[in-house]
Each structure stands twice: as structure tokens, then as C-alpha cells.
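Listed below are the residues making up each chain.
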Amino acid sequence: MAGYAMGLKCDSCGGEFSLRDPLTTCPNCGGLLEVQYDMAAMRREIKVIGGSPEYDSIWRYRQFFPSVEEQNVVTLGEGRTPLVKSVHLAGKLGIDNLYYKNDTMMPTGSFKDRGFSLAVSYAKELGVRRGFTYSSGNAGASFAAYSSRGMFNALALVEYIANPVKKAMIQLYGAQAAVLDYDNFGQITAMLEQAAERLGLYQFVNFINPIRHEAMKTYAYEITEQLGRVPDAMFHPVGTGGGIFGAYKGYCELAHLGFTDQIPRMYGVQPAAAAHFKAAFDAGLPEAAAYGDCTKTIAQSIASDSPIQGGRRVLRAVYQSGGAALGVEDGDILEAMRDLAKDGIAGEPSAAAPVAAFKQAYEKGLVKASDTAVCVITGSAFKQPGAIKEAAGEPVTHIRADIDELEKLIVRLRL
Ligand SMILES: *Cc1c(COP(=O)(O)O)cnc(C)c1O
Ligand SMILES: [Zn+2]
């Protein structure tokens, strides 16, 4: 399969590079690289969205990826997750068409598996055998699983505030790991940008790695196939913004190829305590600056107080689609965890944040009752058990194993 990807292009200086080189950021200016495709050929030749139906994973859509030889594909069946229609929350709000893209059902429990399946496969394709990533927890676990499976030498740097379960999973999946201490998030982004220059080691950080977010385009393909149409609004939790940017890019491709004439409004969601995209969006700016304190929220996976290279791509996706960048309070996130759980899905706080944002957007009139909206539920609550207890509370009732006591309890609970 030759593929339609032609090369890498720098956002900042416009420099063009071969896809065969194991590049992360631009060798000329340090800007972010983007995969370019032969859209004219794609428009001529692509007749169906799911072009490789022999795969029941993101690889069903491999015609939209940089090409990877069969023997280099590292897959655990990631993607093709259920699109679940809300019953409970939709009923509470009196609306019809609210959906959850349930990526808690991914192999390692988070949507990061989309990106790492493609990025690790692609690294193998290039002959790269080692690399590293920074992680708030889920990325490290996913990177570890795919690297170990792909016989790839992986180092995961994990934030000190990450949940201990996530830290342990990185080690369980067999990667090398180190805990990352820092005072503010800007130190991490600075270190990663310098590492690209100085170490020449292949990086898997969103955007610094130009391949990971290409896999996030699969949101657009899967949801469009599952719904039979493009939704009106998408709600994504945003850390670096690889998820929302990739999904937007996927929808733009579908529009370009004639599968739709609509792009969903893209809503990016951050914790209010560290909402740099929201601050930039509210001020109408094309670039975000450091803002807030990323240790002051329960939504660890999307807690960052500074964007990678100003987050320009992410803001562009939000502005161009007619969406918004939103901030949600921890109390609303915990309530959204309960709402989502009553619909049958246990998401970690970061994954419930888009549900809180959807409620906020509905109240503000940003979404209408007739809109079809999708909240992307990016990660399982099981990896952040403390948050489950915080959202749910501990069970308080004890009874003895005795039929009279059981009867009394049933009466008391009015079951
Ligand atoms: C990493 C992560 C995010 C943020 O993803 P980005 O692509 O960095 O914006 C959101 N939710 C969960 C559960 C995550 O693990
Ligand atoms: Zn450049």
C-alpha cells in the first residue's frame, strides 16, 4: 500500500521534509511539522471512509495515514469504540441527540492508544528502535504497552502528580519510567522542545511527534460511519490538544473528499484552574500563553498551564469550526462523572470534563436541543480510583447477612 502521504511541512517556516526521516520538530526553525497528503489523488480514488474493512481497529482507516508496511503494524484492536446515545443526561436536559464516544473501552483504558498504535508502528517503519514521551499518566501506559509489543525501547517521563495506578501501569507494561518533578508546566514544554534539538531522540509527545495526532483523525471517520452523518458539535477534553486537532483535521479531510459539507463545531474543554486556551479564546487571540495552576484540579490528564508552541493549531481548529474553548470547575466535573455513570460509563475526571462542558454550553445556548453533539470520553475511571470515590462517595450502609435485615433495608430504601 503506497499511501497518499507526501511529506512533512513546517507550520512556521513552510520547510518541506521527507516522511522517511525520523523527524520530530522542524530541523530549520524548531516549528511543528504536519503530514501533507495528495488530496487530489485521494479525491479521485477514495470511495469509502473505511477503506480497509479487514481491520476492526483504527487501521480500517489506514488510507488516511502515512503508509506503514503490514509487518510493522502494532495493534491491539484500538479504536472502533461504541458511540453510545445518552439516555439519562439527555432525559434530564430534555434533549434527543447527545452521544458519548466511549474510549474508556480502549486496550489500555484511554484514547491515547489510537495515537500510539500509529506512532509506534510508524517509528518501526522508519527503523527507529527507541524513543521517549512525557506523560500525565495515560500516554505513558499506552506508549509502554505498544512499545513492549512492538519490541521498541521506550522511556516514559511521568508527571509527579500522576495517579499511582497510572505510574504502576507504565512499569507493568514494561517501559522504562521516571517521575518528572517541576514547578510549572512551562518547564516541561521547554525541556521537550530543547530535547528535540539537543538529543536527536525520537519523541512521542503530541505535536512534537508529527504522527500521533494523525491517528486522532479516526474520531471523524468512526463517528461519521456510526452516525451516518457528521455531528453538529464535538466536545473534547484538551491537554496538548492532539485529540481535538486530529479530529478536526479528519472532518476537514472528509469535507474535502466530498463525504460531507459540514464540519462540527469543535469545543475544547479544560479545567477552569488551568484554562489557557479559554483565556486566549475569550480574548480573541490566535495564541495561548501560560495561565493558571495545573496542580489545582482533579482533571490531571488535561491539567497543563502552558501550551505547546502557543497552541496555535488547537485555537485555529476551534475558531475555524465556530466552536469555543471552555473551562469547567472540579465540582461540575464530579457531577458530570455521576451523570455519565448513570448513562453507564465510568470516565476519569478529564474524560467527564466534556460532559460538564456540554451542560454549560447547553445552558449558555451554544448548543441547541436539536443539535447532534458528541462528547469524547477519553479515559476510564478505573485508573484514577480516588476520583471514583470522590465522585461517588463511600457506601455507608451495612447490614448483617440476615433475611429480616434485608427486608427492613428494602423497605427503608423504598426500592
Ligand atoms: C491525554 C488525555 C487528554 C488530553 O489529550 P490531548 O490530546 O493532549 O489534548 C484527555 N483525556 C484523557 C483521559 C487523557 O489521557
Ligand atoms: Zn520550520
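Look up: the structure comes first, before these words.
The structure presented is a predicted model; accordingly, all values stated were derived computationally and were not measured.

Caption draft 1: Structural detail: the coordination of the zinc ion (ligand 2). Within the protein, the atoms that donate to the zinc ion (ligand 2) are Cys 10 (SG), Cys 13 (SG), Cys 26 (SG) and Cys 29 (SG), at distances of 2.3 to 2.4 Å. Viewed at the metal, the four donor atoms of the zinc ion (ligand 2) are separated by angles of 101 to 115 degrees, and the geometry they form is tetrahedral. Among the residues examined, Cys 26 registers a relative accessible area of 5% and is labelled buried. Look at Cys 29 and you get partly exposed, because its relative accessible area is 41%.

Caption draft 2: Fine view of the packing of aromatic side chains. On inspection of all chains with the given rule, the structure shows 17 aromatic pairs. Pairing Trp 59 with Phe 65 gives two aromatic rings, centres 5.5 Å apart and planes at 85 degrees, and the pair type is edge-to-face. Neither residue differs from the other here; Trp 59 and Phe 65 are each classed as buried. Considering the side-chain rings of Phe 64 and Tyr 221, the 4.1 Å spacing of their centres and the 25 degrees angle between planes classify their relative orientation as stacked. One end of the pair, Phe 64, is in the loop between helix H1 (39-45) and strand E4 (83-85); the other, Tyr 221, is in helix H8 (residues 218-227), and 157 residues separate them in sequence. Look at Tyr 221 and you get buried, because its relative accessible area is 0%. The aromatic ring of Tyr 219 is capped on one face by Arg 114, whose charged end is 4.2 Å from the ring centroid.

Caption draft 3: Structural context of the sheet that holds strand E6 (residues 130-135). Spatially, E6-E7-E8 is the arrangement adopted by the three strands of the open sheet, whose pairing is parallel. Bordering the open sheet on either side are E6 and strand E8 (176-180), each of which pairs with just one other strand. Neighbour-to-neighbour, the strand axes of the sheet open up by a mean angle of 20 degrees, direction not taken into account. Bridge analysis of E6 against strand E7 (residues 153-159) gives six bridges, and the strand direction is parallel. Its bridge partner being in E7, Gly 131 is matched across the sheet by Ala 154. Contacts from helix H5 (residues 164-172) reach E7 and E8, with the element oriented near 170 degrees to E7.

Caption draft 4: The pairing of E7, seen in detail. Most of E7 is tucked away, with five of its seven residues classed as buried. Handedness of the β-α-β unit built from E6, helix H4 (residues 138-149) and E7 comes out right-handed. As paired strands, E7 and E8 are joined by five bridges and run parallel to one another. Its bridge partner being in E8, Leu 157 is matched across the sheet by Ala 178. You can see the chain leave E7, run along H5 and come back into E8, and the turn it takes is right-handed.

Caption draft 5: Structural view of the pattern of salt bridges. A complete count under the given rule lists 25 salt bridges for this structure. For Arg 313, the salt bridge identified is with Glu 34, shortest N-O distance 3.2 Å. Here the residue Arg 313 occupies a position in helix H11 (residues 312-321), and Glu 34 occupies one in strand E3 (residues 33-37), the gap between them amounting to 279 residues. Taken individually, Arg 313 and Glu 34 each receive the classification buried, so the pair is uniform in this respect. Here Glu 214 ties to Lys 249 by a salt bridge, and the two come within 2.5 Å at their closest N and O atoms. With Glu 214 in helix H7 (residues 212-215) and Lys 249 in helix H9 (residues 242-256), the pair connects residues that are 35 residues apart, well separated along the chain. According to the relative accessible area criterion, Glu 214 is buried, its value standing at 0%. Put simply, Asp 11, Glu 34, Glu 214, Lys 217, Lys 249, Glu 253, Arg 313 and Arg 316 are held in one network by salt bridges that share partners.

Rules used throughout
- Residues numbered from 1 in each chain as written.
- Chains lettered and ligands numbered in written order.
- Predicted model: local features only at pLDDT ≥ 70, side-chain atom pairs only at ≥ 80, totals over all residues.
- Heavy atoms only, no water.
- Donors = N, O, S within 2.8 Å, 3.2 Å for Na, K, Ca; no water.
- Tetrahedral: all angles 85-135°; square planar, octahedral: opposite > 155°, others 65-115°.
- Buried < 20%, exposed > 50% of the residue type's maximum accessible area, 1.4 Å probe, protein only.
- Phe/Tyr/Trp six-rings, centres within 6.5 Å; stacked < 30°, edge-to-face > 60°.
- Helix = DSSP H or I, 4+ residues; strand = E, 2+ residues; numbered from the N terminus.
- Lys NZ or Arg CZ within 6 Å of the ring centre and 35° of its normal.
- Pairing = 2+ DSSP bridges.
- Axes fitted to C-alpha atoms, helices over the stretch in contact; angles between N-to-C directions.
- Contact = heavy atoms within 4.5 Å.
- Right-handed = clockwise from strand over helix to strand, strands pointing away.
- Salt bridge = Lys/Arg side-chain N within 4 Å of Asp/Glu carboxyl O.

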